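So you can see what is in the structure, the chains are spelled out below.
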Amino acid sequence: MFLRMPKAYNINSCPVARTLDLIGERWTILLLRDLLLHGPRRFQDFQESLPGVAPNTLSTRLKSMEDHGLVRREMYNERPPRLEYVLTDKGKSLGPIVKAMRDWGTKNLPKVR
């Protein structure tokens, strides 16, 4: 018998836990990284840069990020309709967190080849 772990930390008074509830799911921080490094991205751009992510997982993460105001979808082509994901100001404000994670990993973790 498997026990299901709750999706949220349910520690409403802790801002760290609330932030993890928002960006702590697998792939989310890497989606933020791609958007911060490369600007607006299409769904297929994410699939190329994150080859291990399943399309349904990618869709779920992007939808959650949109629901929480981190990204918005913008049309870049009308016929046929094509969308790209763009960071909002709220999403951009996570840039220092992603940079701190990159800097820490560069300093403290061995390179994987």
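The rules behind the values
Residues numbered from 1 in each chain as written. Predicted model: local features only at pLDDT ≥ 70, side-chain atom pairs only at ≥ 80, totals over all residues. Heavy atoms only, no water. Salt bridge = Lys/Arg side-chain N within 4 Å of Asp/Glu carboxyl O. Buried < 20%, exposed > 50% of the residue type's maximum accessible area, 1.4 Å probe, protein only. Helix = DSSP H or I, 4+ residues; strand = E, 2+ residues; numbered from the N terminus. Axes fitted to C-alpha atoms, helices over the stretch in contact; angles between N-to-C directions. Parallel < 35°, antiparallel > 145°, perpendicular 65-115°, else oblique. Contact = heavy atoms within 4.5 Å. 1 Å grid on protein atoms, 1.4 Å probe; cavity = no way out; pocket = protein on both sides within 12 Å on 5 of 7 lines; lining within 4 Å. Points joined across faces, edges and corners; volume = space filled by probe spheres on them. Nonpolar A, V, L, I, M, F, W, Y, C, P; charged D, E, K, R; others polar. Patch = residues over 30% accessible without salt bridge, like charges linked within 9 Å, V, L, I, M, F, W, Y side chains within 5 Å. Areas by Shrake-Rupley, 256 points an atom, 1.4 Å probe, with all protein chains shown as cover. Pairing = 2+ DSSP bridges.

## Quick notes on the pattern of salt bridges
Line of reasoning, step 1. Across all of its chains, the model carries seven salt bridges by this definition.
Line of reasoning, step 2. In this structure, Asp34 engages Arg33 in a salt bridge whose closest nitrogen and oxygen atoms are separated by 2.9 Å.
Line of reasoning, step 3. In this structure Arg33 comes out as partly exposed when scored by relative accessible area, which is 28%.
Line of reasoning, step 4. Across the pair Lys99 and Asp103 runs a salt bridge whose closest N-O atoms are separated by 2.7 Å. Here the residue Lys99 and the residue Asp103 both occupy positions in helix α6 (residues 95-108), the gap between them amounting to four residues, near one helical turn.

## Examining the packing of helix α2 (residues 28-38) against helix α4 (residues 55-67)
Line of reasoning, step 1. It is at 10 Å that the axes of α2 and α4 come closest, and there the two elements cross at 70°. Here α2 is positioned roughly perpendicular relative to α4, judged by the angle of their axes. Touching Thr28, Leu31, Leu32 and Leu35 of α2 are Leu58, Arg61, Leu62 and Met65, all from α4.

## Notes on the layout of surface pockets
Line of reasoning, step 1. If you add up the space inside the largest pocket, you get close to 290 Å³.
Line of reasoning, step 2. Every residue lining the largest pocket is listed: Ile29, Leu30, Arg33, Leu36, Leu37, Gly95, Val98, Lys99, Met101, Arg102 and Gly105.
Line of reasoning, step 3. Of all the elements in the fold, those that place two or more residues in the lining of the largest pocket are α2 and α6.
Line of reasoning, step 4. It is α6 that contributes the most residues to the lining of the largest pocket, six residues altogether.
Line of reasoning, step 5. The residue makeup of the lining of the largest pocket, split by class, is six nonpolar, two polar and three charged.

## Re a nonpolar patch on the surface
Line of reasoning, step 1. Together, Tyr9, Ile11, Val16 and Leu20 give the surface a local cluster of nonpolar side chains, amounting to about 380 Å² of exposed area.
Line of reasoning, step 2. Among the secondary structure elements, Val16 is positioned in helix α1 (residues 15-23).

## Some points on the side chain of Thr88
Line of reasoning, step 1. Relative to the assigned elements, Thr88 resides in the loop between β2 (82-87) and α5 (89-92).
Line of reasoning, step 2. What Thr88 contacts, discounting residues up to four positions off in sequence, is Gly69, Leu70, Val71 and Arg72.

## A few points about α2
Line of reasoning, step 1. Of the positions making up α2, those classed as buried are Thr28, Ile29, Leu31, Leu32, Asp34 and Leu35.
Line of reasoning, step 2. Among the residues trailing α2, Gly39 stands out with phi positive, at a value near 80°.

## Brief notes about the pairing of β2
In summary, the side chains of a regular strand alternate between the two faces of the sheet.
Line of reasoning, step 1. Bridge count for strand β1 (residues 71-77) against β2 is six bridges, and the pairing is antiparallel. In the sheet register, Arg72 faces β2, and the bridge partner there is Val86.
Line of reasoning, step 2. Taking the residues between adjacent antiparallel strands as the criterion, β1 and β2 are bridged by four residues.

## Section: the packing of α2 against α6
Line of reasoning, step 1. In contact at an axis separation of 10 Å, α2 and α6 are set at 105° when each is read in the N-to-C sense. Considering their axes alone, α2 and α6 lie roughly perpendicular with respect to each other. Mapping the contact onto sequence places Ile29, Leu32, Arg33 and Leu36 in α2 and Gly95, Val98 and Met101 in α6.
Line of reasoning, step 2. Grouping the constituent residues of the contact of α2 with α6 by class yields five nonpolar, one polar and one charged.

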